[in-house]
Amino acid sequence: MGVVGRRTASSMFYGLIGRIASTLIAFGGSVVLARILGPDYYGLAYALIALPQSLVGLVDLGLNGVIVRFGSRNEWDTAIAAAFLRFLLVIAMTMAFLFLSNYIAYAFNRPYIIKYMPIVTLYFFVYSLAMMMEAIVGALGLFHMTNAALITRTAVRVSIAITLALLGFGAISVVWGLIVGYSFETLMLGSIAIYKLRSYIVKVFNDFDTLIRGVRESVRMIAPLIVNIIIGSVTSPIVSTLQVRYASNELLGDFNVSSNIGAILDGIAGVIGGSFTFGITASKDLEVIRKSFIRGSMYITLILSFFVVGTIVFANQIVAVLYGSAYSYAGPMLMLQAATLFSVVFGQYGAFLWAVGDTRLMSVIGIVSTLVSLGASVILILKFGGVWG
């Protein structure tokens, strides 16, 4: 088995275990939280975390891909420089998010959430750092550690959220749970990364020229994608803002419920797609990369079909049994969400282009698809409302 096969198999094995376990924990926690909070507070919780999650692209700008690409090939000078650049972006975006908190609350048509915005900003900060740490440790090939951290983070954040909800803290319980969980993951993976890469880190930061070369190489890699990334990163917050602004908390609660169930499918799709990315980027042989891309896309389609069709058929029954009759619109929403998972297959083309280094074509495809998606989202949201659109 070649380097691509070993990386893909290892990532998929540990990824499936970690993702399934964490998804089941999160799913069980969502059922409890949804019943404790009710549609109104559960929808407000979704409104509070929607924007931070959609803004994470602006602190990435493709740098996680650079970290994975160069780290997987043991070119850590460049990978560490990319991580440093990304950390600076996290700091800058966190400060901007805090400064704009009041405007965000009014854009959401929910001025009463202003008091929660400092807490939401803290969540944005630790969430952004955790995503970077996952990329670094994943590039090291320590998939068992990334998935152990994932399981632990999920268990911690669910436990904290349920405890605070039972104590009467309402929607903000969910945010505090996320903060504690992602903080734990960041510290755990960060400690591993620093220990494993300590010699590279010392080398990069003791040699200014090495750091600058790494930053330049990182910028060179993402430069053709900048327009695409910025458009995509801006599009997501726009859609999230419109979604929250033109939907009631109750409908957002239904959407949150359907998304929780859909997270099981997302988890499976994410593991399969992510494993493919970590595997394919480990090779420099174009023919190996092409064959791996074709096989991977075929297997992804076959695996996803089984889960998507089953979810569409039994969506209403699943929602009713788990969450009760209060979330009456969650079933139809789940059907729509399940069908969209096939987009993961198309997304693997991005991993292929990363592996061959054709970021220019990635940029063109990304810009076109993002603009089409944005236009359709805005039109549908304005016509059918924040959730259904």
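In this text the structure is predicted, and so the values were computed from the model without any measurement.

Visitor: What is the right way to look at the overall build of the protein chain in this model?
Guide: The secondary structure content of the protein chain amounts to 15 helices and zero strands. Out of the 389 residues belonging to the protein chain, those deemed buried represent 51%. Contacts in the protein chain between residues far apart in sequence, at least 24 positions, make up 85% of those at least 6 positions apart. In the structure as shown, the protein chain presents an accessible area of about 17100 Å², 69% of it carried by carbon and sulfur atoms.

Visitor: Would you mind going over the pattern of salt bridges with me for this structure?
Guide: Scanning all chains against the criterion turns up four salt bridges. A salt bridge links E185 to R153; the shortest N-O distance between them is 3.0 Å. Note that E185 is positioned in helix α7 (residues 172-196) and R153 in helix α6 (residues 143-166), a separation of 32 residues in sequence. Accessibility classification places E185 together with R153 in one group, the buried group. Here the salt bridges do not stand alone but share partners, grouping E134, R153 and E185 into one network.

Visitor: Where do I start with a nonpolar patch on the surface in this structure?
Guide: A contiguous nonpolar patch, built from F87, L88, I91 and M95 and spanning about 360 Å² of accessible area, is present on the exposed surface. Following the sequence through the fold, F87 ends up in helix α3 (residues 76-99). Under the relative-accessibility criterion, F87 is labelled partly exposed at 33%.

Visitor: What is the right way to read the environment of V158 from this model?
Guide: In this fold, V158 is placed in helix α6. V158 sits 15 residues away from S173 along the chain, and the two C-alpha atoms are 9.7 Å apart. Setting aside chain neighbours within four positions, we find V158 in contact with I25, A26 and G29.

Visitor: Teacher, can you tell me more about unusual backbone geometry here?
Guide: Residues other than glycine predominantly adopt negative phi, and peptide bonds predominantly adopt the trans conformation. Positioned with a positive phi, N74 is a non-glycine residue whose angle comes to about 65 degrees. Examined against the element boundaries, N74 turns out to sit in the loop between α2 (63-72) and α3. Phi is positive for N109, which is not a glycine, with a value near 65 degrees. Considering the arrangement of structural elements, one finds N109 in the loop between α4 (101-107) and α5 (117-139). Overall, the relative accessible area of 49% leaves N109 in the partly exposed class.

Visitor: What should I look at first to understand α3 in this one?
Guide: Helix length check: α3, at 24 residues, gives a terminal C-alpha distance of 35 Å against a target of 34 Å (1.5 Å per residue), a fit within 8%. Buried within α3 we find W76, T78, A79, I80, A81, A82, A83, R86, V90, M93, T94 and F97.

Visitor: What's the story with the confidence of the model for the protein chain in this structure? I'm lost.
Guide: Should pLDDT be low for a region, the predicted coordinates there are not to be read in detail. Per-residue confidence for the protein chain averages 79 on the pLDDT scale, and 78% of its residues sit at or above 70. At the low end of the mean pLDDT range in the protein chain sits helix α14 (residues 343-356), at 60; at the high end sits α7, at 92.

Visitor: In this structure, what is going on with the side chain of R110? I would like to understand it.
Guide: Examined against the element boundaries, R110 turns out to sit in the loop between α4 and α5. It turns out R110 is buried and unbridged, and the closest side chain with the opposite charge, E250, is 7.1 Å from it. A distance of 2.8 Å separates a polar side-chain atom of R110 from the backbone oxygen of A247. Leaving out residues up to four positions away in the same chain, R110 has contacts with L44, A47, A105, V244, R245, A247, S248, N249 and L252.

Visitor: Would you mind showing me how to read the side chain of N256 here?
Guide: Examined against the element boundaries, N256 turns out to sit in helix α11 (residues 249-280). On the accessibility criterion, N256 (9% relative accessible area) is buried.

Visitor: In this structure, what is going on with the packing of α3 against helix α8 (residues 198-206)? I would like to understand it.
Guide: For any two helices packed against each other, one specifies the inter-axial angle together with the distance between the axes. Between α3 and α8, the shortest axis-to-axis distance is 10 Å and the interhelical angle comes to 70 degrees. For the element pair α3 / α8, the angle class is roughly perpendicular. Across the interface between the two elements, W76, D77, I80 and F84 from α3 touch Y200, I201, K203, V204 and F205 from α8. Within the contact of α3 with α8, the residues separate by chemical class into seven nonpolar, no polar and two charged.

Visitor: Looking at this structure, I do not really get the packing of aromatic side chains. What am I missing?
Guide: The geometry of an aromatic ring pair is captured by the separation of the ring centres together with the interplanar angle, meaning the angle of the planes. Within this structure, the stated rule accounts for eight aromatic pairs. Both rings, one in Y46 and one in F255, keep their centres 5.3 Å apart while their planes meet at 75 degrees; by these two values the pair is edge-to-face. Taken together, the residues span a long stretch of sequence, with Y46 in helix α1 (residues 3-55) and F255 in helix α11 at a distance of 209 residues. For Y46, a relative accessible area of 13% gives the class buried.

Thresholds applied
Residues numbered from 1 in each chain as written. Predicted model: local features only at pLDDT ≥ 70, side-chain atom pairs only at ≥ 80, totals over all residues. Heavy atoms only, no water. Helix = DSSP H or I, 4+ residues; strand = E, 2+ residues; numbered from the N terminus. Buried < 20%, exposed > 50% of the residue type's maximum accessible area, 1.4 Å probe, protein only. Contact = heavy atoms within 4.5 Å. Areas by Shrake-Rupley, 256 points an atom, 1.4 Å probe, with all protein chains shown as cover. Salt bridge = Lys/Arg side-chain N within 4 Å of Asp/Glu carboxyl O. Patch = residues over 30% accessible without salt bridge, like charges linked within 9 Å, V, L, I, M, F, W, Y side chains within 5 Å. Expected span 1.5 Å × (residues − 1). pLDDT = per-residue confidence, 0-100. Lys, Arg positive; Asp, Glu negative; His and termini not counted. Polar contact = N/O pair within 3.5 Å; in protein donor to acceptor, adjacent residues only side chain to side chain. Axes fitted to C-alpha atoms, helices over the stretch in contact; angles between N-to-C directions. Parallel < 35°, antiparallel > 145°, perpendicular 65-115°, else oblique. Nonpolar A, V, L, I, M, F, W, Y, C, P; charged D, E, K, R; others polar. Phe/Tyr/Trp six-rings, centres within 6.5 Å; stacked < 30°, edge-to-face > 60°.

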